[in-house]
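# Structural overview
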Amino acid sequence: MSLRARKINRLIFIVFLAASAYALARALLPDNDSIGLIPWDKAKHFIVFYVLSILASLALPLSRLHRIGLVILAFGGAIEILQAFVGRDASWFDLFADACGISAAFGPMLVSKWWRTEARF
């Protein structure tokens, strides 16, 4: 790995950090049992990690998507571990929903990248 300076979109990186902090706070604070706009917990996990993945890929355009995805998935795993300490339910299904959100964000990007480089007619 070279020590070259990475190109970082600072504004989007700040938005990514704010969104991550908000997701962490909402995951660790007591649940208010309100229905809200999205009633299904797994859909919330999917959407949050989809958005975090998109923001991270825009903030770090020269980073590899699989590395970004692994870091974001580790963040989701850390949230699940921390939830066990604050009286919330930790679930493997939540982590699976996180992984699905990350995959849904990065899947089309990887296919598009492959299509541009490999699929020549």
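These figures come from a predicted structure and were not determined experimentally.

A few words now on the side chain of Gln-83. Along the chain, Gln-83 turns up in helix α3 (residues 65–85). Residues in contact with Gln-83, not counting those within four places in the same chain, are Ala-27, Leu-28, Arg-88, Asp-89, Ala-90 and Asp-94.

Once that is clear, we can look at the pattern of salt bridges. Going through the model one piece at a time under the given rule, you end up with 2 salt bridges. Among the salt bridges present, the one from Lys-42 reaches Asp-41, with a minimum N-O distance of 3.3 Å. In this structure Lys-42 comes out as partly exposed when scored by relative accessible area, which is 21%. Taking relative accessible area as the criterion, Asp-41 reaches 33% and is therefore assigned partly exposed. With its nearest N and O atoms 2.6 Å apart, the salt bridge here joins Lys-42 to Asp-94. Highlighted residues: Lys-42 in helix α2 (residues 41–59) and Asp-94 in helix α4 (residues 92–117), separated in sequence by 52 residues. A relative accessible area of 4% means that Asp-94 is categorised as buried. Here the salt bridges share partners, and the residues they tie into one network are Asp-41, Lys-42 and Asp-94.

Our next topic: α2. With 19 residues, α2 extends 27 Å from end C-alpha to end C-alpha; this agrees with the ideal 27 Å at 1.5 Å per step. Contacts from the buried residues of α2 go to α1 (10–28), α3 and α4.

The next point concerns a positive patch on the surface. Residues Arg-64, Arg-67, Lys-113 and Arg-116 make up a contiguous surface patch of positive charge. Residue placement: Arg-67 occurs in helix α3.

Packing of α2 against α4 brings their axes to within 7 Å, and their N-to-C directions diverge by 40°. Relative to α4, the element α2 is oriented oblique. As α2 runs across α4, the sense of the crossing is right-handed. On α4, the residues that touch Asp-41, Lys-42, His-45, Phe-46, Phe-49, Tyr-50, Ser-53, Ile-54 and Ser-57 of α2 are Phe-93, Asp-94, Ala-97, Asp-98, Cys-100, Gly-101, Ile-102, Ala-104, Ala-105, Phe-106 and Met-109. Partitioned by chemical class, the residues of the contact of α2 with α4 number 12 nonpolar, 4 polar and 4 charged.

Taken residue by residue, the protein gives an average pLDDT of 87. The fraction at 70 or more is 89%. Across the protein, α1 holds the top mean pLDDT of 95, while α4 sits lowest at 89.

Side chains of Phe-46, Ile-47, Tyr-50 and Val-51 sit close together on the surface and give an oily, nonpolar patch of about 310 Å² of accessible area. Tracing the sequence through the fold places Phe-46 in helix α2.

Counting across every chain of the model gives 3 aromatic pairs. Note on Phe-13 and Phe-16: the rings are 6.1 Å apart at their centroids and 35° apart in plane angle, and the pair reads as tilted. With a gap of 3 residues between them, Phe-13 and Phe-16 both fall in helix α1, about one helical turn apart. Given the relative accessible area of 27%, Phe-13 is considered partly exposed. Accessibility expressed as a relative area gives 14% for Phe-16, which makes it buried.

What counts and how
- Residues numbered from 1 in each chain as written.
- Predicted model: local features only at pLDDT ≥ 70, side-chain atom pairs only at ≥ 80, totals over all residues.
- Heavy atoms only, no water.
- Helix = DSSP H or I, 4+ residues; strand = E, 2+ residues; numbered from the N terminus.
- Contact = heavy atoms within 4.5 Å.
- Salt bridge = Lys/Arg side-chain N within 4 Å of Asp/Glu carboxyl O.
- Buried < 20%, exposed > 50% of the residue type's maximum accessible area, 1.4 Å probe, protein only.
- Expected span 1.5 Å × (residues − 1).
- Patch = residues over 30% accessible without salt bridge, like charges linked within 9 Å, V, L, I, M, F, W, Y side chains within 5 Å.
- Areas by Shrake-Rupley, 256 points an atom, 1.4 Å probe, with all protein chains shown as cover.
- Lys, Arg positive; Asp, Glu negative; His and termini not counted.
- Charge placed at Lys NZ, Arg CZ, Asp CG, Glu CD.
- Axes fitted to C-alpha atoms, helices over the stretch in contact; angles between N-to-C directions.
- Parallel < 35°, antiparallel > 145°, perpendicular 65-115°, else oblique.
- Left-handed = near helix turned anticlockwise from the far one by under 90°.
- Nonpolar A, V, L, I, M, F, W, Y, C, P; charged D, E, K, R; others polar.
- pLDDT = per-residue confidence, 0-100.
- Phe/Tyr/Trp six-rings, centres within 6.5 Å; stacked < 30°, edge-to-face > 60°.

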